[in-house]
Amino acid sequence: MRIDLNADCGESYGAWRLGDDDALLDVVTSANVACGFHAGDPTTLRETCAAAVAKGVAIGAQVGYADLRGFGRRSMDVPAADLTADVIYQIGALQAIARSVRGTVDYVKPHGALYNRIVADEAQAAAVVEGVLAAAPDLPVLGLPGSAFLRIAAERGLAVVREAFADRAYLPDGALVPRSREGAVLHDPDEIAARVLRMVGDGTVEAIDGTEVELAPDSVCVHGDNPSAVAVAQRLRTVLDGAGVTIARFAG
């Protein structure tokens, strides 16, 4: 068994600090680095990319809505042409920053409300795919299994990576439980590690109503803004290592 562990990083902005990127980068194998639209300032992004390069962690461009105030977690009706251009802009910016510290962007992952929107919204999913094709057609994309985004990306020739979430609850249809609902975000490292071990071993997770959802993930995400993110990531590595699971980056 083999799995990639990814985490959202580079989300601090100026004097506002979010997450412990240094500690997370000691544990995960891929870093979803903010691109300045939902979070992250240029200095933070450069420092995060430099730390990822130093620690051998893959760098991913985490593209999102232009929504700093809402941290990219508010769904927005962005015209397709604008969304495509936004994706191109964000990937290009992070590629330049990564190159400045002798790194490369190895994959693309949408963030927050955009990620959830393109699970079912065909038009926005297609717009994101167009942006990736225009900016970096050789890069794989991360997304939710069964999503419109991964289907359209595969149809257009992009490599796709199925992603599961360690610290999020699932609906019976495989979508994530909205953050507005109680129990949407998990915090207990032992509970989360047991769930992830099942995801990796059996390819399934228990939904919020007790039913089983098929996932078969290639990568598992830990949210960097979760207060227990470091403890969760560390526990995941311990449990997965103990079960004989190889933890390795999928990209690069």
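Before reading further, recall that the structure is shown in the block above.
Each chain has its residues counted from 1, running along the sequence as written. Per-residue local features of the predicted model are confined to residues with pLDDT of at least 70, and side-chain atom pairs are confined, for both listing and counting, to 80 or more; whole-chain, interface and lining totals are unaffected and use all residues. Heavy atoms from the whole structure form the basis of all side-chain values; hydrogens and water molecules are not counted.

> How do you make sense of the environment of Tyr 115 when you look at a structure like this?
Among the structural elements, Tyr 115 can be located in helix α4 (residues 112-117). Any residue under 20% of the maximum accessible area for its type is buried, any over 50% is exposed, and the rest in between are partly exposed; the area is computed with a 1.4 Å probe on protein chains only. Overall, the relative accessible area of 5% leaves Tyr 115 in the buried class. A C-alpha to C-alpha distance of 9.5 Å links Tyr 115 and Leu 142, two positions 27 residues apart in sequence. Any pair of residues with heavy atoms lying within 4.5 Å of one another is described as a contacting pair. In contact with Tyr 115, other than residues within four places in its own chain, are Lys 109, Pro 110, Leu 142, Gly 143, Leu 144, Glu 163 and Phe 165. Strands here mean DSSP runs of E at least two residues long; helices mean DSSP runs of H or I at least four residues long; both are numbered from the N terminus.

> Got a minute to help me understand a nonpolar patch on the surface in this structure?
Each patch is built from residues lacking any salt bridge and having more than 30% relative accessible area; the joining distance is 9 Å for like charges and 5 Å for nonpolar side chains (Val, Leu, Ile, Met, Phe, Trp, Tyr). Note that accessible areas follow from Shrake-Rupley with a 1.4 Å probe, and for residues the cover is restricted to the protein chains shown. Salt bridges are identified by distance alone: a Lys or Arg side-chain nitrogen within 4 Å of an Asp or Glu carboxyl oxygen. A grouping of Tyr 13, Trp 16 and Leu 68 is seen on the molecular surface, where their side chains present a nonpolar patch of about 320 Å² in accessible area. Mapped onto the elements, Leu 68 comes out in the loop between β3 (58-63) and α3 (80-100). Since its relative accessible area comes to 41%, Leu 68 is described here as partly exposed.

> How should the packing of aromatic side chains be read in this particular structure?
Think of a pair of aromatic rings as described by two things: how far the centres are apart, and how the planes are tilted against each other in angle. Only the six-membered ring of Trp is used, alongside the rings of Phe and Tyr, when aromatic pairs are assigned; centres must lie within 6.5 Å, and planes under 30 degrees apart are stacked while those over 60 apart are edge-to-face, with the rest tilted. Scanning all chains against the criterion turns up 4 aromatic pairs. Arranged with centres 5.6 Å apart and planes meeting at 45°, the rings of Phe 37 and Tyr 89 form a pair that is tilted. Note that Phe 37 is positioned in the loop between β2 (30-34) and α2 (42-54) and Tyr 89 in helix α3, a separation of 52 residues in sequence. Residue class for Tyr 89 comes out exposed when judged on its relative accessible area of 56%.

> I'm lost on the side chain of Ser 30 in this one. Help?
Looking at where Ser 30 falls in the secondary structure, it is placed in strand β2. By the criterion applied in these results, polar contacts are pairs of N or O atoms within 3.5 Å in which, for protein atoms, one can donate a hydrogen and the other can accept it, and in which residues neighboring in sequence qualify only through two side-chain atoms. Of note is the side chain of Ser 30, whose polar atom sits 2.8 Å from the side chain of Asp 4. If near-sequence neighbours (up to four positions away) are discounted, Ser 30 is found in contact with Asp 4, Leu 5, Asn 6, Ala 7, Val 57, Ala 58, Tyr 107, Arg 249 and Phe 250.

> What is the right way to read the pattern of salt bridges from this model?
Proximity of charged atoms lets side chains of opposite charge pair with each other. For the coordinates displayed, the defined rule picks out 13 salt bridges. A salt bridge links Arg 249 to Asp 106; its shortest N-O distance comes to 3.2 Å. Of the two residues, Arg 249 is situated in the segment after β10 (246-247) and Asp 106 in strand β4 (residues 105-110); the sequence distance between them amounts to 143 residues. Using a relative accessible area of 12% as the deciding quantity, one classes Asp 106 as buried. Two residues, Lys 109 and Glu 163, come together in a salt bridge whose shortest N-O distance is 2.7 Å. Here Lys 109 is found in strand β4, whereas its partner Glu 163 is found in strand β6 (residues 160-165), with 54 residues between them in sequence. Across the pair, exposure class does not vary: Lys 109 and Glu 163 are buried alike.

> What should I look at first to understand the nonpolar core in this one?
Taken as a class, soluble globular proteins show a tendency for nonpolar side chains to be buried jointly. Among the nonpolar cores identified, the biggest contains 82 residues, and Leu 94, Tyr 170, Val 196 and Leu 236 are the most heavily contacted of them. The element contributing the most residues to this core is helix α8 (residues 229-242), with 7 residues. Not counting the four nearest positions on each side in its chain, Leu 94 is found in contact with Val 33, Ala 34, Cys 35, Leu 45, Cys 49, Ile 59, Gly 60, Ala 61 and Val 105. The set of buried Ala, Val, Leu, Ile, Met, Phe, Trp, Tyr and Cys residues whose side-chain atoms join them within 4.5 Å is what this entry labels a nonpolar core. With 5 residues, the next largest nonpolar core counts Ala 169, Leu 171, Ala 175 and Val 177 among its residues.

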